[in-house]
Amino acid sequence: MTTEVYKVADPQNLTCDDISVIDRAGEIIRNGGLAVFPTETVYGLGASAYDPTAASSVYKAKGRPSDNPLIVHVAEPSEAEAFAIVSDTYRDIAERFMPGAVTVILPKKDVIPDAVTGGLDTVAVRCPSDPVARELIRRAGVPVAAPSANLSGKPSPTKAEHVVRDLSGRVDMILDGGDCVFGLESTVLKPEGDKAVRILRPGAVTAEMLEDAGYTVIVDSAVTDLSAVGENPESPGMKYKHYAPVAEVILLDMEGATESFSSVINRMESGNDGRFAVLCRREDICGISDDAIVFTFGEKNGEDDMAHELFSCLRAADDAGASRMYIPVPRLDGMGLAVYNRVIRAAGGRIVKV
Ligand code: TXA
Ligand code: MG
């Protein structure tokens, strides 16, 4: 299959040409094909949520186990009523946080085939804020089932070039909308009774934001503890070793350490062969050996910046041939919880306490 790649020059100001290509991508999805689109979190690999054959093609294109359910994307929160049993909690979360980086698990209606939900009786609903994504869903005229647009096991794509490398020849079209704003996937929430939600996967809609909105927030144990991930976690995607680069990822817990970040790395690397990479705050770069491949993020927005860089750096470290990659353990509040959830998976749970 040849894959058409189309660059949207300015997603905030769609031109007539953009809209006619997005309309064609919508038609591809409506007719059972696959089209990749940008969102504010990561790129998505879209197919009609009403078409079981198209859903199977999604799993095939990604090389993904078919028991891992897909998120169904809508252009307006109210469109979920067509295929899910919508509750007051959903309406309240939608009013406060949609369109945006949040996904809500709801009981599903029969129109959603088992192929989309991996046989579960629930469906995950998300209304992205990215203008290209919303235009595409509107034009498709059907809800759009979309996992992250990476090959299974690779970090989620935050730039179109990541998608091109993973999925060229496996999808009909790729819409390039530039860099994703957040760089980590949406917060996945399961409503639990009145004004309580369980976070199955943390993202840019944070626990603090939900608490500020009056919710009791339960962070599922699988979010921070890999050993708590059993065969059947609430969110099936959490059981897989995700986001694993080829390089061995080593997490450094620097809390209370007296030694500097650079000195720790130089000590751990002494006598090692092969290249190594580091992802660190700009202020920590000083003193790191010139042999290192260094990626930095800014101090000002801390964990938000780290989230934005993380997946791209994991891919770049592999491209540069790094055998090891050192990453500091992030703070556990705000977006830091989402970063932590991803890096412990990339590191296979190993943390070195300094
Ligand atoms: O930001 C995002 O959510 C991106 C963009 C493209 O929207 N999508 C994404 O999809 O990250 P994916 O398939 O890579 O991750 C979906 C996650 C998985 O962990 C999956 O297990 C969980 O959502 N999930 C989907 N449906 C579910 C359900 N019915 N119950 C529990 N978890 C569900
Ligand atoms: Mg994914």
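Heads up: these notes are all about the structure in this document. (Residues numbered from 1 in each chain as written. Chains lettered and ligands numbered in written order. Predicted model: local features only at pLDDT ≥ 70, side-chain atom pairs only at ≥ 80, totals over all residues. Heavy atoms only, no water.)

With that settled, consider the environment of valine 249. With respect to the helices, strands and loops of the structure, valine 249 is situated in strand 12 (residues 248-253). Relative accessible area serves as the criterion here: at 0%, valine 249 is assigned to the buried category. Beyond its immediate sequence surroundings of up to four residues, valine 249 is in contact with Leu314, Met325, Ile327, Ala346, Ala347 and Arg350. (Helix = DSSP H or I, 4+ residues; strand = E, 2+ residues; numbered from the N terminus. Buried < 20%, exposed > 50% of the residue type's maximum accessible area, 1.4 Å probe, protein only. Contact = heavy atoms within 4.5 Å.)

What follows covers the nonpolar core. With 48 residues, the main nonpolar core has Val36, Leu45, Phe83, Tyr90, Ile93, Val125 and Leu210 as its most contacted residues. Where this core is concerned, the elements lending two or more residues are strand 3 (44-48), helix 2 (52-62), helix 3 (88-97), strand 5 (102-107), strand 6 (122-126), helix 6 (160-167), strand 10 (196-201) and helix 7 (207-212). (Core = buried A, V, L, I, M, F, W, Y, C linked by side-chain atoms within 4.5 Å.)

The next point concerns helix 6. Considered for burial, the residues of helix 6 that qualify are Ala160, His162, Val163, Asp166 and Leu167. The buried residues of helix 6 occupy one face: seen down the axis, they fall within an arc of 150°. Turned more than 90 degrees from where helix 6 packs its buried face, Glu161 and Arg165 sit exposed. Lining the buried residues of helix 6 we find strand 2 (35-37), strand 3, helix 2, strand 8 (173-176) and helix 10 (302-319). (Arc of directions from axis to C-beta.)

Right, let's talk about empty space enclosed by the protein for a bit. Under the counting rule described, the total for this entry stands at one cavity of 30 Å³ or more. As for the largest cavity, its lining consists of Ile199, Pro202, Gly203, Val205, Thr206, Ala207, Gly334, Leu337 and Ala338. Taken together, the residues of the lining of the largest cavity sort by class into six nonpolar, three polar and no charged. (1 Å grid on protein atoms, 1.4 Å probe; cavity = no way out; pocket = protein on both sides within 12 Å on 5 of 7 lines; lining within 4 Å. Points joined across faces, edges and corners; volume = space filled by probe spheres on them. Nonpolar A, V, L, I, M, F, W, Y, C, P; charged D, E, K, R; others polar.)

This paragraph deals with the side chain of serine 186. In this structure, serine 186 sits in the loop between strand 8 and strand 9 (187-191). Side-chain polar atoms of serine 186 contact the side chain of threonine 103, separated by 2.8 Å. Look past the residues within four positions of serine 186 in its chain and what remains in contact with it is Thr41, Ile71, Ala101, Val102, Thr103, Arg126, Arg201, Pro202, Gly203 and Arg342. (Polar contact = N/O pair within 3.5 Å; in protein donor to acceptor, adjacent residues only side chain to side chain.)

Turning our attention to the side chain of histidine 162. With respect to the element layout, histidine 162 can be found in helix 6. Leaving out residues up to four positions away in the same chain, histidine 162 has contacts with Pro157, Ser312 and Arg315.

Summarising the sheet, strand 10 and strand 11 (residues 216-219) pair through four bridges and their orientation is parallel. Looking at strand 11, one finds that valine 197 is bridged to valine 217. Read from strand 10 through helix 7 to strand 11, the crossover connection turns out right-handed. (Pairing = 2+ DSSP bridges. Right-handed = clockwise from strand over helix to strand, strands pointing away.)

Interaxial distance between helix 10 and helix 11 (residues 336-346) falls to 9 Å at its minimum, and their mutual angle equals 25°. What the angle tells us is that helix 10 and helix 11 run roughly parallel. Crossing geometry of helix 10 relative to helix 11 is assigned as left-handed. Contact with helix 10, carried on its side by Glu303, Met306, Ala307, Leu310, Phe311 and Leu314, involves Gly336, Val339, Arg342, Val343 and Ala346 of helix 11 and no other residues of that element. Here the contact of helix 10 with helix 11 is composed, by residue class, of eight nonpolar, one polar and two charged. (Axes fitted to C-alpha atoms, helices over the stretch in contact; angles between N-to-C directions. Parallel < 35°, antiparallel > 145°, perpendicular 65-115°, else oblique. Left-handed = near helix turned anticlockwise from the far one by under 90°.)

Moving on, we come to the sheet that holds strand 9. Sheet strands pair via backbone hydrogen bonds, and the direction of the pair is either parallel or antiparallel. Read across the open sheet, the 11 strands follow the order 1-8-2-3-7-4-6-5-9-10-11; overall the sheet is mixed. If you trace the sheet from one side to the other, it starts and ends with strand 1 (4-7) and strand 11, each paired once. The strands touched by helix 3 are strand 5, strand 6, strand 9 and strand 10; relative to strand 5, the strand with the most contacts, the crossing angle is about 165°.

All right, on to the sheet that holds strand 12 then. Pairing is parallel in the open sheet, where five strands are placed in the order 14-13-15-12-16. Since the sheet does not close on itself, it has two edges, and those belong to strand 14 (293-297) and strand 16 (351-353), each with one partner. Neighbour to neighbour, the strand axes of the sheet diverge by 25° on average, direction disregarded. Sheet topology note: the strand 12/strand 15 (residues 324-328) ladder contains five bridges and is parallel. Bridge pairing links valine 249 to methionine 325 in strand 15. Across the sheet, helix 9 (residues 261-269) is in contact with strand 12, strand 13 (276-281), strand 15 and strand 16; its angle to strand 13 comes to roughly 165°. Lying on the sheet, helix 11 is in contact with strand 12, strand 15 and strand 16; it crosses strand 12 at an angle near 130°.

What follows deals with the pattern of salt bridges. Oppositely charged side chains are able to pair whenever their charged atoms sit close together. Across all of its chains, the model carries 22 salt bridges by this definition. A salt bridge links aspartate 319 to arginine 165, with the shortest nitrogen-to-oxygen separation between them at 3.0 Å. Residue aspartate 319 is found in helix 10, and its partner arginine 165 is found in helix 6; the two are separated by 154 residues along the sequence. We note that aspartate 319, like arginine 165, is exposed. The partner of glutamate 192 in a salt bridge is arginine 198, and the shortest N-O contact between them spans 2.8 Å. Salt bridges sharing common partners tie together Asp23, Glu135, Arg138 and Arg139. (Salt bridge = Lys/Arg side-chain N within 4 Å of Asp/Glu carboxyl O.)

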